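Geometric and topological summary
Single-letter residue listing:
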Amino acid sequence: MQSFATAMLWDFFSDANNVSEKSLSLQHENKLRTKMKRILLVTAILMANVLTMSAAKKQVIDRIEPTDWYVGLKNPQVQLMVYGKGIRDVASVTTDYPGAVIDSIVRLDSPNYLLVYMNLRDAQPGTMVLNFGKTKVQYQLKQREMSGDKRMGFTNADVLYMLMPDRFAQGANHPTKIKGMRNYVEDRTKPSLRHGGDLNGIREHLDYFKELGVTALWFTPVLENDSPDTKNDFATYHGYATTNYYKVDPRFGSNEDYKRLCDEAHQKGLKIVMDMIFNHSGFEHPWTKDMPTKDWLNTPEWLNEQQSGRDPMTGFTANADGSEPAKSAYLQTSYKLTPVVDPYASEVDLKETVEGWFVPSMPDLNQHNPHLMRYLIQNSIWWIETVGIDGIRMDTYPYAYADAMAQWLKELDAEYPNFNTVGETWVTEPAYTAAWQKDSKLSENNTYLKTVMDFSFFDKLTQARFEETDGWWKGFNRIYNSFVYDYLYPNPSSVMAFIENHDTDRYLGNGKDTLALKQALALLLTVNRIPQLYYGTEVLMNGTKEKTDGDVRKDFPGGFPGDTHNCFTKEGRTQSEQAMFTWLSRLLHWRQGNDVIIKGKQIQFTPFHGIYVIARQYQGRTALTILNGTSKPATLEVERYAEVIGKTSKAKDILTNRYYDLSKNFDLKPRQSLVLEY
Ligand SMILES: [Ca+2]
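What this report covers is the structure whose coordinates are included nearby. Bear in mind that the values here come from a model prediction, so they are computed numbers and not experimental data.

Helices and strands together make up the secondary structure of the chain, namely 18 helices and 26 strands. The 678 residues of the chain split such that 41% are buried. Across the chain, contacts joining residues at least 24 apart in sequence account for 71% of those joining residues at least 6 apart.

This part is about the sheet that holds strand 6 (residues 113–119). Read from one edge of the open sheet, four strands run 1-3-6-5, paired in antiparallel fashion. The sheet is open, and its two edges are formed by strand 1 (63–65) and strand 5 (101–107), each paired on a single side. Neighbour-to-neighbour, the strand axes of the sheet open up by a mean angle of 25 degrees, direction not taken into account. Here six bridges tie strand 5 to strand 6, and the two strands are oriented antiparallel to one another. Paired with I102 across the two strands is M118, which belongs to strand 6. The sheet strands contacting helix 10 (residues 370–387) are strand 3 (77–83), strand 5 and strand 6, and the helix crosses strand 3 at an angle near 105 degrees.

Attention now moves to the environment of K460. Relative to the elements of secondary structure, K460 occurs in helix 13 (residues 455–464). Separated by 15 residues in sequence, K460 and G475 have C-alpha atoms that sit 8.4 Å apart.

Before going further, it helps to examine the packing of helix 13 against helix 14 (residues 477–484). For the pair helix 13 and helix 14, interaxial distance at closest approach is 8 Å and the crossing angle is 165 degrees. Classified by the interaxial angle, the pair formed by helix 13 and helix 14 is roughly antiparallel. At the point where helix 13 passes helix 14, the crossing takes the right-handed sense. Taken together, the residues of helix 14 that come into contact with helix 13 (itself represented by S456, F457, K460, L461, Q463 and A464) are R478, I479 and S482. Along the lines of polarity and charge, the residues of the contact of helix 13 with helix 14 split into four nonpolar, three polar and two charged.

Within the largest apolar cluster, 158 residues are counted, with the highest numbers of intra-cluster contacts made by Y161, A216, L217 and V273. Per element, the largest residue contribution to this core is eight residues, and it comes from helix 10. For L217, the residues in contact, after removing those within four places along its chain, are Y161, L163, F209, A265, L270, I272 and V273.

Between E65 and P66 the backbone carries a cis peptide bond, its omega angle lying at 0 degrees. Residue position: P66 is located in the loop between strand 1 and strand 2 (69–70). Unusually for a residue other than glycine, N173 sits at a positive phi of about 60 degrees. Tracing the sequence through the fold places N173 in the loop between helix 3 (165–168) and helix 4 (199–203). The phi dihedral of Y335 is positive, around 65 degrees, even though this residue is not glycine. Inspection of the secondary structure puts Y335 in the loop between helix 7 (286–289) and helix 8 (338–341). Overall, the presence of 12 C-beta atoms within 10 Å leaves Y335 in the exposed class.

We now examine the packing of helix 15 (residues 514–524) against helix 16 (residues 575–591). Put simply, helix 15 and helix 16 touch, their axes get as near as 11 Å, and they point 15 degrees apart. Classified by the angle between their axes, helix 15 and helix 16 sit roughly parallel to one another. Remark: the crossing between helix 15 and helix 16 carries right-handed chirality. Within the contact between the two elements, helix 15 uses T514, K518, L521 and A522 and helix 16 uses M580, W583, L584 and L587. Each residue belonging to the contact of helix 15 with helix 16 can be placed in one class, and the counts come to six nonpolar, one polar and one charged.

Conventions and cut-offs
- Residues numbered from 1 in each chain as written.
- Predicted model: local features only at pLDDT ≥ 70, side-chain atom pairs only at ≥ 80, totals over all residues.
- Helix = DSSP H or I, 4+ residues; strand = E, 2+ residues; numbered from the N terminus.
- Buried ≥ 20, exposed ≤ 12 C-beta atoms within 10 Å, placed from the backbone.
- Contact = placed C-beta atoms within 7 Å.
- Pairing = 2+ DSSP bridges.
- Axes fitted to C-alpha atoms, helices over the stretch in contact; angles between N-to-C directions.
- Parallel < 35°, antiparallel > 145°, perpendicular 65-115°, else oblique.
- Left-handed = near helix turned anticlockwise from the far one by under 90°.
- Nonpolar A, V, L, I, M, F, W, Y, C, P; charged D, E, K, R; others polar.
- Core = buried A, V, L, I, M, F, W, Y, C linked by C-beta atoms within 7 Å.

Quick look at the structure:
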C-alpha cells in the first residue's frame, strides 16, 4: 500500500514539473491545484489506511469468549479468551469502562490467543470498549434475568424425558444446506448420518410432553459439531464433539432458537437440562490445530507425529507404505472407571482412564490447566444465564480430573444453590456411584455432584427382565438387592434412575413385550429416585445396538416431513402404541406433585413367592407397587404386608382405576403390575 501511495505522489510531482516548463494559463493553474488537492486527499486516506492496516495486521481479533458476560455474579472475575493472529503479543490491553478493572493479561504458548482477566465487581451493564493496542473492540456486559438462587434445578418431583434433537423432530424452515460448514448430508436412510431434527422441532411439540406428563427435557448436546461426515457412516449428529462452546450448531438452529425453546418450555412448566462435556472437545475445534498452551490437551503428542495420513477417526498414523507404525503416541482411554475410586489404583491405570482420549476424534481436555478450567466453568454459567437452562447433564463425568470437576460444581453451587447437575457415572455397582455423590463419606474429597446416575438399577433391571423371580438372587431380587445399597448414598432421592438411554439397548430389545416394560416403568416412576425416560418408549420404540447405535436412536414417528406414521397424535398411533401411551401418561400425571412419591418413606419387601412389593408412605397416604416377577399367576398374601396395609380394605390401582380388596389375598396375572393407592 505504501509503495502505491508513493507512486501516486511521484505521478503528481512529475506532472507538476512537466507543467512548470510551460507557460501556465490561470485556468490550467486552477485545474492543477484541484488535481493536487485531490491527490493529497487520496494520499492522506491511503496513508491512514496503511496505518490502520498495519495496526490491524498485528491485532486482528477473530473472537472473544465468552461472547458477552453478566454483571452481578457472585464471582465478579471473568476470563476473556481472545482469538486472533498474533494477539498474544499485543502491547497493551486497556479499558476506561467504569468499574471494570483488568486484573491481568496472560500470554499463552500460542501467539494466537490472549487471556484477559477482569474484575467487574463495580461495573454496571453496558457496552465496554476494550483497547487491544490501537484496536478497539466493543464488549457487552449484560444484566442478569434473575439472581442465581431463583434458578430451580430438576428434582425427584420431575420426570426427565431424554431425546436426541437430530432424531426427534424437524421444525418449520429447517435449512437444507448451511454455507461454511464442513461437508455433511442429512439422510434418514443412514443410521449414522444426520437426519435433520432440530430445536424448533422440539419446541413445536412442547404440548406433546405436557400431554404425556413429563416435566423436564434432557437432550443430547446442541453446540456446534462442525466435523465432516466420513464415508457416509460417521457423523457427529449426537453432538458430543464440540467445535464451538458458545454457538448452537446451525443444523439444530441458533442460540436464539435455543433461548426461545427454553422460554416457551418454562411457560408450559417444563424444565430444560443441557448436556455438556468437559472431558473432550471435537477434533475440529481450533484448539486442536493450534493448542493455546502445550498442556491444553492430555497426551497430545500424537498430534505432532510427522507422518502424513494420520486418521483422526482411528488414531492411526500410517507409515509411508500405508502400514501402521509400530507405536503411535495415541493414548486410548481404557473406559474403566474403577481406577478413579480404587484405593489401590496404579498410576498407569488411572492415567489411561483419565488422560486417554475417549475416541481419536475427540481430543481429551486437560482440566488441570487452570485457564482451560476457568473457560469451561464460565461456559456453563454463560448458558445458564443466557438461555435459562434448569439443569446440566455432564457427559463422561469420571473421565475428567475429579478435583477440577469438584471445583466447577462447588462454584456452580455457590452461584446457583438450587440448581442441579447430574453426572454420567457409568458403573454398575452402587458403592462406586455413591462415592461420587455430593457429601459422600466414602470419598476423601467432596465432589459436589448432587445427582449421580443409577446404572446399577438399569443393569439389574436389564438382567431381571426375562428372568423368573426366585427365592434368592434372580429377577426382582436383583432390584431389591440394589436398593439395599441406598445406605451408601448421602441422598438417594437425588439419584437419577432410568431403564434405557441413547447408549443402551432399548428396554424392549427387538421385541414388543409390554408386560416387562410396564413392570420396569411402574418401578421407575414410584421408587425413591429422579426418573428419566428415553424418547419413544411411550409408543413402543424398540431396537438394539447389535448392528449400530442408530438402531436405538431411530426417528420419532411423525417428527419429519413426509412421515406417514405420526405418534404425536392419538389418531396417528396404532392401537398398541396408544394403549402404551395412555398407560404411561396416566402414571406420569398421577406422579406429578404427588408427595407420597416425592417425599414418602420407602419400604421394600424381599421378593416373596415371586412377587416384589415396594411401599411409599407420606402423611397417612400410601402407594404400593406390586409386581409379579414370574410368568405364572401368583397370589399376594396380604398378611405379610400388614405393616403398610394397616386396616385398609379398599385400594385403587391407578393404572387401571380398578379397586382391590386388601382385606384378603388376591391373585395376580403373569407379570402383572399394580400401583395401588390408599
Ligand atoms: Ca479425560
